[in-house]
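Overview (structure and organization)
Residues per chain are reported as follows:
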Amino acid sequence: MLLLGKKDVVFRQEDNQRGGTECMLKIQPTFDLQRDVVTDICRKEALDGRVKECSGLVDTRILNIERDGGVLYSWKGTTGNTRIGKYDPNTKQNKLLYTFDKQVCVSSCSVNKEETLLAVSLAQRTGAEERFKPVSKCLTLLIEIYPINNTKVLKAVDCRVKVQFLYPETDKATVMESHLLLLAEDGYVDQYHVLLTKQEGYRVVMVNPDRLSKAVDRVAEDISWVQWDGRTQRLYYLTQKDKYVLRAVQFYPTHNCETVFELTIELPPNPFPSMRFVNVGFDHYHQERAEHELVRMEVFTNTIGSMCVCYSQPPNDNQELTYTIVLVHKGCSKTYRVALNSNSPHQTETHPQLHPLFISMGFYMLVCVSGSFLHCINSRQQEMLCHSLFLSGSEAVLGLPGLVFSTVALGQQHKDSTASLLDLASGRAYTAALNPAYLFQILYGDLPACTPEQNADICPSLGPEDGAPIWPTHPARHSSRRSDAQRLAALHCLLDYMGDDPQLELKIIDWLCDNQMAFESFDQIQEFILASLYRISYDKSLSLDKVLPYSSVFDMKEVPECLLKLPGVSCSTELHADPVFRGKARSLQGFWADLQWNTDRMRYLEAVPNPRYKTSHLMNVWDKLRCEGRKSSSHVGHMDNTTKVLSMVDTWSLDKKLVPLFQEEDYQQRALIGLMVDKLREHVNRHLPRLGKKRIDSLVLSYVAKLLELIRHILESVWQKYNLGPRVLCFAQQGTPAEWAVFHLMCRILEATRGLCLPLPPGYNTLLVALGLRCLPHHTFLQYVDHGLLQLTDIFVSRLMTDLDNSDANEKLKFSILKRLPETMEQKVYQLWDHPVSSAFISRDYVRMLLEKRNRNKGSAFAGRDKPGFRPEFLPLSYLTKILTDVEEQALNPFEEQENVDASFVEEVALKQTLILLGYEEK
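Overview of the structure. (Residues numbered from 1 in each chain as written. Predicted model: local features only at pLDDT ≥ 70, side-chain atom pairs only at ≥ 80, totals over all residues. Heavy atoms only, no water.)

1. Some remarks on the sheet that holds strand β27 (residues 364–369)
An order of β26-β27-β28-β29 is seen for the four strands of this open sheet, with the pairing classed as antiparallel. Of all strands in the sheet, those bounded by a partner on one side alone are β26 (357–361) and β29 (389–392). Adjacent strand axes in the sheet meet at a mean angle of 15°, parallel and antiparallel pairs treated alike. When β26 meets β27, the two strands line up antiparallel, connected through five bridges. Of the residues in β27, the one forming a bridge with F358 is V367. (Pairing = 2+ DSSP bridges. Helix = DSSP H or I, 4+ residues; strand = E, 2+ residues; numbered from the N terminus. Axes fitted to C-alpha atoms, helices over the stretch in contact; angles between N-to-C directions.)

Now the structure itself:
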């Protein structure tokens, strides 16, 4: 929960007049103090007969948010007392916990998980007109709230104290002990162990309450900053010796605690003039002091083993804000310097010490000064600025109605992919997530998405052959004020952060259709493929970030400057000191084990050359294997991998069968599939052996299968979008503008996959060349074939020879295609084409084959001139026919290689060809 103090709120009515413009965050209200608490209290007061006095309900304030989501609050009752209640977000019910018989100032409050004990810190007020000021005394109480209401004084000191009960996860129905943290402004943290017992079968009371002072452990001391993370039950604190050291204390379900982590942090001198509390209660006095602190610091963790330490410094004289993200799991820190907007509402005398708002959402870190800038930092892929989204000016708003935030303190995080915000001034709580609609707005460059009808203008007219262009153009498609870096970052954010939503994936495919031409600085289809593939594997291990391909930008020989630098932002990277893990082997488990592994592996990956797998590395190996041909032993070994991948791909949902992809024997693509599996498995095994052979095999096979499935999914989506049917395989008809759009997209996919040396699903080339024949003029089609953009496949050529008649144009096309076929395929095609040329080819090939056999078997003598039936009319032809007849009689299976061919057929064809050559008969 991010807690926002009253001084952090600046009202801007113009934000409510943005005309419905989307904001970066999608805000969902979850709690409203006025709606969920005050209204309920007034209703109960009315039932007690104090309807008129209900209006006297004053000073209703939120005190704390517990790990279970319960909201602790206080209010001054109508009878001059102070009450503490709890709102349960699950049941939507309010429960009165305790009533003081007089008005008191509650500065901190916490209730144990069983709601039997209440800890409160009371501050003495110095003036009726002021809520909190530095006080001379703070009283910390431990109260039995049910049923006896015994009270025990834990602390009576001259400094502020924060209280927080531990909420360990346990399967026990009844826990007879509670554990309480006391964080004192004097710079120490104590843990109280409170034993409980039952009296009369139901009364839960403290055991020996007078001995509580002896049941206490000192957790930390000499601290200047402390943060409590209730979600993970961890305490982070900062202490100084020679340098500032960040330490983490883990509290276990057994209530034991252990310092498991230390990290040296580079901070400016004296960053905290006084003790700084984060996420353990919150009050307005604390917030007033926070405005004048030199450094704002927070720690964020993710369940997969990542840790980010964020801290900022107030703007310098040049109005440049500096903030640092220490990526512990990456072994480095990134320091950003951003020029603040001079028109920002925060550049006033009321905000002399400006700090940004830090929000963690999964592996994205949001840094925002609303109205000035918003930086969405990808903490997993942070090598280049282009993978992090930066917005400035009026776009840097969070979406909360009429509110702009400048500083916050960290509280409980709702879950890894969302954050919780709490505005103390209004008493409202929200959940916040990245807004896909706004990201799509960035992706489209602030232009509305095109409908299929509007998209038809990218298809050229398929009129006269000489007038049809090879590639369609749409110059207005990329005319936008959005930079390529913003679009690239928005695309990765959609695919990585929320890519599991199939509807969002369909919208991204629509965007690819509407923006088929590649951008100047990156190929959006390559980015879509690699980021989608990366998404299926990053939950396996954080170290895969450095091993698997993530973006085609890393394959570029020279990265465009627009992807390396962002206007108004400067970034420097430094390696930080290695963290120290102090926990015992039995204690280092779960998150801490993952974090330790990630940091150790990152040091190794930073030292080895080229740890990231690049698909382009396959090109040299692939070119060599293609030259060796099918009989290569390497091909045979790779085919085993292909069989496993295609068996997984067979689980595709083919109910609709929209796309006529043939499960053909596409030998080259099958060999490339197997080669990719082999090389990727070898690479992951070399760098991440800890994953284990079985896990790596499963990961790699799923990765390549997902690649084929992803391309199939793109085709199914565009097939449905343009309402295409099986007519695309009818070669006698001309293609439609919709088919041209699909053909162009498929050419772009082919170009993108070839650039990365990625395989395609079997049948892709057949479908592409079929669309090409329908959409392109014949001479342009042949140019595509000559340049390797279209590949002639067995199925395509077979359908072409049988479906097209032998008109002059079609005959010319068939002859042109026959010239471009390899010899092995040419022999099969002639068997299908009913044409004199095919007959002549079959005869010649048959004669050549039989004569070669005769040469190998020279013992067969020709002695048949005197045999009956010998025709001497045309001796050369008769002699050849007799040789063929003798060879046929001696063969065990004369039709083994050539079906429906014999000597009489050869004789008939030879006579026909002779008559044509002599001019006695027309073809």
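2. Side note on the pairing of β27
In terms of burial, β27 is largely enclosed, as six of its six residues are buried. Side chains of β27 alternate between two faces, with Y364, L366 and C368 and M365, V367 and V369 buried alike. The hairpin turn running from β26 into β27, its antiparallel successor, is two residues long, and G362 in that turn takes a positive phi close to 65°. Relative to strand β28 (residues 373–378), β27 runs antiparallel, the two sharing six bridges. When the bridges of β28 are listed, L366 appears paired with C376. Connecting β27 to the antiparallel partner β28 that follows it, the hairpin turn spans three residues, and G371 within it adopts a positive phi of roughly 90°. (Buried < 20%, exposed > 50% of the residue type's maximum accessible area, 1.4 Å probe, protein only.)

3. Quick word on the packing of helix α7 (residues 524–535) against helix α13 (residues 693–721)
In contact at an axis separation of 10 Å, α7 and α13 are set at 135° when each is read in the N-to-C sense. One finds that α7 runs oblique with respect to α13. Both α7 and α13 take part in a crossing whose hand is right-handed. Between α7, through F528, I529, L530, S532, L533 and Y534, and α13, the contact on the second element is made entirely by Y703, K706, L707, L710 and I714. Among the residues making up the contact of α7 with α13, the classes are represented as nine nonpolar, one polar and one charged. (Parallel < 35°, antiparallel > 145°, perpendicular 65-115°, else oblique. Left-handed = near helix turned anticlockwise from the far one by under 90°. Contact = heavy atoms within 4.5 Å. Nonpolar A, V, L, I, M, F, W, Y, C, P; charged D, E, K, R; others polar.)

4. Here we look at the packing of aromatic side chains
One pass over the structure, following the stated rule, counts 18 aromatic pairs. Ring-pair connections join several aromatic residues into one group, and the members of that group are F261, F581, F591 and W592. The ring of F591 has R234 lying over it, and the distance from NZ or CZ to the ring centre is 4.0 Å. Positioned above the aromatic ring of F363, the side-chain terminus of R380 is 5.2 Å from the ring centre. (Phe/Tyr/Trp six-rings, centres within 6.5 Å; stacked < 30°, edge-to-face > 60°. Lys NZ or Arg CZ within 6 Å of the ring centre and 35° of its normal.)

5. Topic: helix α18 (residues 808–819)
The terminal C-alpha atoms of α18, which comprises 12 residues, lie 17 Å apart, in line with the 16 Å expected from a rise of 1.5 Å per residue. Taken together, the buried positions of α18 are occupied by N810, E811, L813, K814, S816, I817 and L818. (Expected span 1.5 Å × (residues − 1).)

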